[in-house]
Amino acid sequence: MTQPQGVLYLVATPIGNLGDLSERSVESLRSSDLVACEDTRVTAKLLAHLGLARPTTSYREENELRKAPELAQRIEQGESIALVSDAGMPAISDPGFRLIRECRRRKLNVVPLPGPNAALTALAASGLPTDKFLFLGFPPSKTSGRKTTYGKWRDFPGSIVFYESKHRIAKSLVDLEDVLGKDRYICVAREMTKVHEAFHVGPAGEVRQAVSERSQKGEFVIVVAPQGYVL
Ligand code: SAM
């Protein structure tokens, strides 16, 4: 007898505004046997908002290696598992890659439910070139590493997208200006889809100053334009 086909749903969740969750994403959560989530408390709130009562399990950086084969085995045995992170697309600077790779190795169904993603949202709204871009996740946490990274990609002939934390955004922009110069065009996208959404676009020196003059609470994406680009 053949096994029933299980599935891994990759469910993108809102990066701020709950209205950005798609109908298809909600349906996949509703029909899943289990929701694998980065932080079960965060996902419990989302499920409660949707009026869904689904069992959850934690799948995060610290337990990915152990959990990936366990969850893949359950899918192999016919279960539907929805993978979500706290916000945005799972596996993009978030847990997920190992489970998806395990499912691919076992030739299991992987069904993506596309949706919010901070990198693409910032790039699209920046006014900086979108035809070619490089996504580098989070820059290193120390100045020396950040400067090396910014220097390494200085001449990339397209836009470059970074995530940055509220603890480091100010220092990171200082390092970026030091390495790429005060005239390099950048965009800092802050708190997208939330009440305090803001985009600072212009030469690095001006954007650095504008960001440093405000509170640095919130979430930030940095987009760097190719050398020589002006708005
Ligand atoms: N998987 C997520 C995605 O698809 O966008 C990214 C997760 S990563 C751990 C979190 C980072 O994404 C934040 O530190 C910030 O750089 C960026 N981010 C997430 N939500 C954001 C928002 N609403 N506005 C600006 N940046 C955001």
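Because the structure is predicted, anything quoted here is derived from the model rather than measured. (Residues numbered from 1 in each chain as written. Predicted model: local features only at pLDDT ≥ 70, side-chain atom pairs only at ≥ 80, totals over all residues. Heavy atoms only, no water.)

1. Here's the deal with the pattern of salt bridges
What counts, and what does not: A carboxyl oxygen of Asp or Glu within 4 Å of a side-chain nitrogen of Lys or Arg is what we treat as a salt bridge. Each helix is a run of H or I in the DSSP string that is no shorter than four residues. Each strand is a run of E no shorter than two, and both are numbered from the N terminus. Residue exposure (1.4 Å probe, protein chains only): buried if accessible area is under 20% of the type maximum, exposed if over 50%, otherwise partly exposed.
Taken as a whole, this structure holds 15 salt bridges when the rule is applied. As a salt-bridge pair, R30 and E27 come within 3.1 Å of each other at their nearest N and O atoms. Here the residue R30 and the residue E27 both occupy positions in helix α1 (residues 23-30), the gap between them amounting to three residues, near one helical turn. Taking relative accessible area as the criterion, R30 reaches 43% and is therefore assigned partly exposed.

2. Remarks on the sheet that holds strand β10 (residues 220-224)
Put simply, the test is: A pair of strands counts as paired when DSSP detects no fewer than two bridges linking them. Orientation is described by axes fitted as lines to C-alpha atoms, over the contacting stretch for helices, and by angles from 0 to 180 degrees between their N-to-C directions.
Strand order across the open sheet formed by five strands is β6-β7-β10-β8-β9, with mixed pairing between neighbours. The open sheet terminates on both sides in strands that have one partner only, identified here as β6 (133-135) and β9 (198-203). On average, each strand axis in the sheet is tilted by 20 degrees relative to the strand beside it, whichever way the strands run. Alignment of strand β8 (residues 185-190) against β9, held across six bridges, turns out to be antiparallel. Bridging from a neighbouring strand, R190 pairs with A198 of β9.

3. What about the pairing of β10?
Among the five residues in β10, five count as buried, and that is most of the element. Residues F220, I222 and V224 point to one face of β10 and V221 and V223 to the other, with burial holding for every one of them. Strand direction decides the pairing type here: strand β7 (residues 159-164) and β10, joined by five bridges, are antiparallel. Within the sheet, the bridge partner assigned to I160 lies in β10 and is V224.

4. As for the domain arrangement of the protein
Rule in force here: Boundary definitions for the domains trace back to an automatic or database domain assignment. Residue contacts follow a heavy-atom distance rule, with two residues in contact if any of their heavy atoms lie within 4.5 Å. By buried area we mean how much accessible surface two parts lose on assembly, using a 1.4 Å probe and totalling the loss over both. Counting of polar contacts relies on pairs of N or O atoms within 3.5 Å, with two restrictions inside protein: one atom must be capable of donating a hydrogen and the other of accepting it, and residues adjacent in sequence are counted only when both atoms are side-chain atoms. Side-chain classes are defined by residue name, with Ala, Val, Leu, Ile, Met, Phe, Trp, Tyr, Cys and Pro counting as nonpolar, Asp, Glu, Lys and Arg as charged, and the others, Gly among them, as polar.
For the protein, the assigned domains are domain 1 (7-113) and domain 2 (118-224). Listed per partner, the contact involves six residues of domain 1 and nine residues of domain 2. When domain 1 packs against domain 2, the two sides together hide about 540 Å² of surface, and 62% of this comes from carbon and sulfur. For domain 1, the biggest contributors to the area lost against domain 2 are I15, I92 and S93; these three give 75% of the whole. Counting every contact that joins domain 1 to domain 2 gives zero salt bridges. Applying the counting criterion to the domain 1 and domain 2 interface returns two residue pairs in polar contact (both at pLDDT 80 or more). For the side of domain 1 that touches domain 2, the residue count by class is two nonpolar, three polar and one charged.

5. As for the environment of T43
Structurally, the position occupied by T43 is in helix α2 (residues 40-50). Each C-alpha atom, one on T43 and one on D86, is 6.7 Å from the other, the two residues being 43 residues apart in sequence. Beyond its immediate stretch of four places on either side in the chain, T43 contacts V35, C37 and V84.

6. Quick look at the sheet that holds strand β5 (residues 109-113)
Strand order in the open sheet formed by five strands is β3-β2-β4-β1-β5, and the pairing between neighbours is parallel. Looking at the sheet topology across the chains shown, the edges are occupied by β3 (56-58) and β5. For this sheet, the mean angle separating the axes of adjacent strands, direction not counted, is 25 degrees. Direction of pairing for strand β1 (residues 7-11) relative to strand β4 (residues 80-84): parallel, over a ladder of four bridges. Across the sheet, L8 pairs through a bridge with I81, a residue of β4. Docked against the sheet, α2 engages β2 (34-37), β3 and β4, running at close to 155 degrees with respect to β3. Across the sheet, helix α4 (residues 97-105) touches β1, β4 and β5, and the angle it forms with β1 is around 150 degrees.

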